[in-house]
Protein chains: 2
Amino acid sequence: MDSKPIRMVTVPKAVIKRLPMYFRFINQLIEQGTERISSRELSQLMGITSSQLRQDLSYFGEFGQQGYGYKVVTLKQAISSIIGLEKIYNAIIVGAGNMGKAIAGYPGFSRRGLKIIGIFDNNPEIIGNKLGSLDVLDVKTLPEFLNKNPVEVGIITTPASVAQEIADILITAGVKGIWNFAPVLLHGNKNVIIEDIHVGDSLMTLFFKLNKNK
Amino acid sequence: MDSKPIRMVTVPKAVIKRLPMYFRFINQLIEQGTERISSRELSQLMGITSSQLRQDLSYFGEFGQQGYGYKVVTLKQAISSIIGLEKIYNAIIVGAGNMGKAIAGYPGFSRRGLKIIGIFDNNPEIIGNKLGSLDVLDVKTLPEFLNKNPVEVGIITTPASVAQEIADILITAGVKGIWNFAPVLLHGNKNVIIEDIHVGDSLMTLFFKLNKNK
DNA sequence: TAGATTGTTAATCGATTAACAATC
DNA sequence: TAGATTGTTAATCGATTAACAATC
């Protein structure tokens, strides 16, 4: 009766942030046809320490073999499953400007399980336009659309000024997650996960570093 | 002769990452016409602690007054200057796909000092197209263009497979910074600052959190 | 002045790294 | 088996927060 105690530790935020990076690198190895890799080799490719790699993985289980390293396919399968990449999420985009179009048009996202089933705007000149196989719909019809269709993820690519308003509609309709491209802090609640991507912040970080180096 | 010792501490990475957020919120206050704000009030708006706000600012100087708080215009000026937002950087975009167009077309970036002076692609069907006031140029002419024009920032919005190749051209030409949208780790050198924005990583982080919550 | 709030120090908390027993 | 490499513990390092003297 010598069963292992379950380590019930929450996954640190820093580890969560690195999971996509692990997935990217392991994917690259798969494409190259690499079969096995040690934590030392992989960590060197990634520019991190092997301690960190092993420590990070250990929050989710044991995926390697002593003396051998990791089977690349096993690792890919494990990380896909940890992130939840085998699932498909129905999503809608609000804001059919440049960024909205870029998200809708990038094949990498649909390949990872993001299925765009609607795209909305408030501009009469844009409403009705074709975007791939989708028509741009009037944002006035958004609540109705959300009622009729199962939507797990709302993507906000509107100007900052209306982003909260849209978020409120999405949250009221019960979306599970919001992927927010508007440069503003959205207020949600415990039932919705908000993931921000602040492209402008990234540019300012670059500016700061350029400025500092001079 | 009681001059203050200079605190020569390097700014922590975590602080640098927050600077753009400070700028965003202070800007918002300006737009609202707020004149003064305390660290407590501002930190509550931002969802951080007032200790963190004051500690962060203290790496750059003293911008407030005891008993009063911060003058919003003073703070905006200070943070603009810290980030280097009063400067203008000449930039080119490589990759005139959806993301390249989104970056080129977003007015917020030019307002912050990013001046796009060229956009390149390798697709004959795209080369020659107008994008705003710019013609999409053949990426074969990129080295020549970089020789003739002063370019500080190169923006990579190509597929991952060619991103390093483009980065090498940019680095050889002596750009100061690379803003990288390709989902790949670029190898540079100490003379170039590489700032990554991995949109797909952000989506995977959202997926992970959705997955965990179920 | 009295009250408010800064800037800074020191304590706490969380993340990273080094080291190694376990083991393939 | 001997060598290699994992998973984990403990030490170190960095970031955040609490607390308060200084002072507007």
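Residues numbered from 1 in each chain as written. Chains lettered and ligands numbered in written order. Predicted model: local features only at pLDDT ≥ 70, side-chain atom pairs only at ≥ 80, totals over all residues. Heavy atoms only, no water.

A short note on the overall build of chain A
Stated formally: Strands are runs of DSSP state E lasting at least 2 residues, helices are runs of H or I lasting at least 4, and numbering of each runs from the N terminus. In this scheme, a residue with accessible area under 20% of its type's maximum is buried, one over 50% is exposed, and one in between is partly exposed, where area comes from a 1.4 Å probe on protein chains only. Every residue pair with non-hydrogen atoms within 4.5 Å of one another is taken to be in contact. For the area figures, the Shrake-Rupley method with a 1.4 Å probe applies, and any residue is considered shielded solely by the protein chains shown. By the counting scheme adopted, Arg and Lys are positive, Glu and Asp are negative, and His together with the chain ends is not counted. Each charge is placed at NZ for Lys, CZ for Arg, CG for Asp and CD for Glu.
The number of helices and strands found in chain A is 9 helices and 10 strands. On the principal axes, the C-alpha backbone points of chain A span a range of 65 × 60 × 35 Å. Counting every position in chain A, which comprises 214 residues, the buried fraction comes to 47%. Look at the contacts in chain A between residues 6 or more apart in sequence, and 55% of them connect residues 24 or more apart. Summed over its atoms, the accessible surface of chain A is roughly 11400 Å², and 52% of this surface lies on carbon and sulfur atoms. Averaging the locations of the 24 positively and 18 negatively charged side chains of chain A gives two centres separated by 7 Å.

Things to note about the environment of Met21 of chain A
Its location among the elements puts Met21 of chain A in helix H1 (residues 13-32). Its relative accessible area of 17% is what places Met21 of chain A among the buried residues. It is 24 Å that separates the C-alpha atoms of Met21 of chain A and Pro183 of chain A, two residues lying 162 residues apart in sequence. Filtering out sequence-adjacent residues up to four positions away, Met21 of chain A remains in contact with Met46 and Ile48 of chain A together with Asp201 of chain B.

Some remarks on the domain arrangement of chain A
Note the threshold: Where each domain starts and ends follows an automatic or database-derived domain assignment.
With domains assigned, chain A is organised as domain 1 (13-83) and domain 2 (89-202). Inter-centroid distance (C-alpha atoms) of domain 1 of chain A to domain 2 of chain A is 32 Å.

Some words on the sheet that holds strand S3 (residues 69-71) of chain B
As a general point, the strands of a sheet are linked pairwise by backbone hydrogen bonds and lie either parallel or antiparallel. Rule in force here: Pairing between strands is defined by DSSP: at least two bridges between them are needed.
The 3 strands are arranged S1-S3-S2 (chain B) in an open sheet whose pairing can be described as antiparallel. For this open sheet the edge positions go to strand S1 (36-37) and strand S2 (64-65) of chain B, each flanked by a neighbour on one side alone.

Focus: helix H1 (residues 13-32) of chain B
Structurally, the α-helix is built with 3.6 residues per turn, so residues lying three or four positions apart point the same way. All names here are of chain B. This is how it is decided: Every helix has an expected span of 1.5 Å times one less than the residues it contains. What is called the bend at a residue is the angle between a pair of axes, fitted to the seven residues leading up to and ending at it and to the seven starting from it.
The end-to-end C-alpha distance of H1 is 30 Å, a good match for the 28 Å that 20 residues give at a rise of 1.5 Å each. The largest bend in H1 comes to about 30°, at Leu19, with the proline Pro20 one to four residues further on. Positive backbone phi, approximately 80°, marks Gly33, located one or two places after H1.

Brief notes about the protein's contact with DNA strand C
Rules: A single heavy atom is enough: if one lies within 4 Å of a molecule or strand, its residue is considered near that molecule or strand. Contacts described as polar in this section are N or O atom pairs within 3.5 Å, which, within protein, must combine one atom able to donate a hydrogen with one able to accept it, while residues neighboring in sequence count only if both atoms come from side chains. All residues other than Ala, Val, Leu, Ile, Met, Phe, Trp, Tyr, Cys, Pro, Asp, Glu, Lys and Arg, Gly among them, are scored as polar; the first ten of these are nonpolar and the last four charged.
The environment of DNA strand C is formed by 27 residues, the closest being Arg18 and Ser51 of chain A together with Ser39, Arg54 and Tyr70 of chain B. Sugar plus phosphate: this is where 61% of the atoms of DNA strand C within 4 Å of the protein reside. Within the contact set of DNA strand C, a base oxygen lies 2.8 Å away from a side-chain nitrogen or oxygen of Gln55 of chain A. Contacts to DNA strand C include Ser39 of chain B, whose side-chain N or O atom sits 2.4 Å from a phosphate oxygen. Among the secondary structure elements, those contributing two or more residues to the surface near DNA strand C are H1 and helix H3 (50-58) of chain A together with helix H3 (50-58), S2 and S3 of chain B. No other element matches the 4 residues that H3 of chain A contributes to the surface near DNA strand C. Grouping the amino acids of the surface near DNA strand C by side-chain chemistry returns 5 nonpolar, 16 polar and 6 charged.

Some words on the protein's contact with DNA strand D
Around DNA strand D, the surrounding shell holds 28 residues, and the nearest of these are Ser39, Arg54 and Tyr70 of chain A together with Arg18 and Ser51 of chain B. Among the atoms of DNA strand D close to the protein, meaning within 4 Å, 61% are from sugar or phosphate groups. Within the contact set of DNA strand D, a phosphate oxygen lies 2.4 Å away from a side-chain nitrogen or oxygen of Ser39 of chain A. Here a sugar or linking oxygen of DNA strand D sits 3.0 Å away from a polar atom, N or O, in the main chain of Gly67 of chain A. The set of elements that each furnish at least two residues to the surface near DNA strand D consists of H3, strand S2 (64-65) and strand S3 (69-71) of chain A together with H1 and H3 of chain B. By residue number, the principal contributor to the surface near DNA strand D is H3 of chain B, which donates 4 residues. Its residues assigned to classes, the surface near DNA strand D shows 5 nonpolar, 16 polar and 7 charged.

Here we look at the relation of the copies chain A and chain B
Our working definition: Superposing copies: least-squares fit, C-alpha atoms only, residues required to have pLDDT of at least 70 in both.
Note on the copies: chain A fits chain B at an RMSD of 0.0 Å, the axial shift is 0.0 Å, and the rotation between them is 180°. Here the transformation between the copies is reduced to the relation of a two-fold axis. Most of the interface of chain A is mirrored in chain B: 100% of its interface residues are interface residues there too.

Notes on the nonpolar core
To be explicit about the condition: Put simply, buried Ala, Val, Leu, Ile, Met, Phe, Trp, Tyr and Cys residues joined by side-chain atoms within 4.5 Å make one nonpolar core.
One finds Leu114, Ile155 and Trp179 of chain A together with Leu114, Ile155 and Trp179 of chain B to be the most contacted residues of the largest nonpolar core, which totals 100 residues. Once residues within four sequence positions are removed from consideration, Leu114 of chain B is found in contact with Leu203 and Phe207 of chain A together with Tyr89, Ala91, Phe109, Val153, Ile155 and Trp179 of chain B.

Topic: the pairing of strand S9 (residues 177-180) of chain B
All names here are of chain B. Selection rule: When the strands point away from the viewer, a crossover counts as right-handed if the path from the first strand over the helix to the second runs clockwise.
Taking every second residue as pointing to the same face, both faces of S9 are buried, with Gly177 and Trp179 on one and Ile178 and Asn180 on the other. Strand direction decides the pairing type here: strand S8 (residues 153-156) and S9, joined by 4 bridges, are parallel. Paired with Gly154 across the two strands is Ile178, which belongs to S9. This β-α-β element, S8 to helix H8 (residues 160-172) to S9, shows right-handed connectivity. Bridge count for S9 against strand S10 (residues 193-196) is 4 bridges, and the pairing is parallel.

Let's talk about the interface of chain A and chain B
Rules: Values labelled buried area give the accessible surface lost by two parts on being combined, using a 1.4 Å probe and summing over both. A side-chain nitrogen of Lys or Arg and a carboxyl oxygen of Asp or Glu constitute a salt bridge if their distance falls within 4 Å.
Each partner contributes to the interface: chain A provides 58 residues, whereas chain B provides 58 residues. Across the interface of chain A and chain B, roughly 5200 Å² is buried in total on both sides, 71% from carbon and sulfur atoms. Inspection of the chain A/chain B interface yields 4 salt bridges. Residues Asp201 of chain B and Arg24 of chain A are paired through a salt bridge, measuring 2.8 Å at the closest nitrogen-oxygen approach. At the boundary of chain A with chain B, the tally comes to 16 residue pairs in polar contact (both at pLDDT 80 or more). For the side of chain A that touches chain B, the secondary-structure elements that each account for two or more residues are H1, helix H2 (39-46), helix H4 (72-83), helix H5 (98-105), strand S9 (177-180), strand S10 (193-196) and helix H9 (199-212) of chain A. Tallying contributions element by element places H9 of chain A first for the side of chain A that touches chain B, with 14 residues. Among the residues forming the side of chain A that touches chain B, the class breakdown is 35 nonpolar, 13 polar and 10 charged.

A look at the sheet that holds S3 of chain A
All names here are of chain A. Reading across the sheet, the 3 strands line up as S1-S3-S2 and stay open at both edges, with antiparallel pairing between neighbours. Among the strands making up the open sheet, the edge pair consists of strand S1 (36-37) and S2. Judged from the 2 bridges that link them, S1 and S3 form a sheet pairing that is antiparallel. By the bridge assignment, Ile37 is partnered in S3 with Tyr70.

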